[in-house]
Amino acid sequence: MASERKAEGISSPDTELWRSIGPVTELSKKSCRLLYSSLGYDSDLCLFHVQGEFFSMDTRCAHAGGPLCEGDIEEADGVLKVFCPWHDYDFDIRTGESLTGLQQQVYEVKVEDGLVYVKHRSQLSLTPFPAAAKE
């Protein structure tokens, strides 16, 4: 906990902050939810709820950008993996590692006072952010 508080105090544009996503009671109803990033499409995340735990990683597959939130989640030899629906690449949902050698970015998740938080550099939302007005 002390390291989490220390990390929040760092002031730089790249600082990752704990972002409140919503109540555990609601978020635990689905095995995967898409989290929209205020930075746009390429920064969206998956929020997984599997076996009573929450995990988060980039939603676009490191191989070809497939939607990991639409992939199957399976356990093999004690390792929880998400499989990309496009080419069946697998990623450990805890570490982001793949047997293919690819690495998916993962994010810390915590539950506090009945709320789920994800540590990320941008604002996160369960609904899309409004498109920026074009001039």
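Residues numbered from 1 in each chain as written. Predicted model: local features only at pLDDT ≥ 70, side-chain atom pairs only at ≥ 80, totals over all residues. Heavy atoms only, no water.

### Regarding the confidence of the model for the chain
Point 1. Mean pLDDT over the chain: 87, with 86% of residues reaching 70 or higher.
Point 2. Taken as a whole, residues 1-13 scores under 50 in pLDDT and shows eight contacts with residues more than four places along the chain or in a different chain. (pLDDT = per-residue confidence, 0-100. Contact = heavy atoms within 4.5 Å.)

### Points about the packing of aromatic side chains
Point 1. Tallied over the entire structure, the rule returns zero aromatic pairs.
Point 2. Seen from the ring of tyrosine 41, arginine 60 lies directly overhead, with NZ or CZ sitting 3.6 Å from the centre.
Point 3. Directly above the aromatic system of tyrosine 117 lies the positively charged group of lysine 110, at a separation of 5.6 Å from the ring centroid. (Phe/Tyr/Trp six-rings, centres within 6.5 Å; stacked < 30°, edge-to-face > 60°. Lys NZ or Arg CZ within 6 Å of the ring centre and 35° of its normal.)

### A look at the sheet that holds strand 6 (residues 79-83)
Point 1. Taken in spatial order, the three strands line up as 5-6-7 in an open sheet, and their pairing is antiparallel. Strands at the two margins of the open sheet, each flanked by one partner only, are strand 5 (72-76) and strand 7 (90-92). Mean inter-strand twist for the sheet, computed between neighbouring axes without regard to direction, equals 35°.
Point 2. Here five bridges tie strand 5 to strand 6, and the two strands are oriented antiparallel to one another. In the strand pairing of strand 6, glutamate 74 is matched with lysine 81. (Pairing = 2+ DSSP bridges. Helix = DSSP H or I, 4+ residues; strand = E, 2+ residues; numbered from the N terminus. Axes fitted to C-alpha atoms, helices over the stretch in contact; angles between N-to-C directions.)

### Regarding the nonpolar core
Point 1. Counting residues in hydrophobic clusters, the biggest one holds 14 residues, and the most contacted among them are Phe48, Met57, Leu68, Val82 and Ile93.
Point 2. When residues of this core are traced back to their parent elements, those giving at least two are strand 3 (45-50), strand 4 (53-58) and strand 6.
Point 3. Counting residues per element, this core draws most heavily on strand 3, which supplies three residues.
Point 4. Setting aside its immediate chain neighbours within four residues, valine 82 contacts Phe48, Met57, Leu68, Gly71, Asp72, Ile73, Tyr89, Asp90, Phe91 and Ile93.
Point 5. Leu35, Leu45, Leu47 and Val116 belong to the second-largest nonpolar core, a separate cluster that totals 10 residues. (Core = buried A, V, L, I, M, F, W, Y, C linked by side-chain atoms within 4.5 Å. Buried < 20%, exposed > 50% of the residue type's maximum accessible area, 1.4 Å probe, protein only.)

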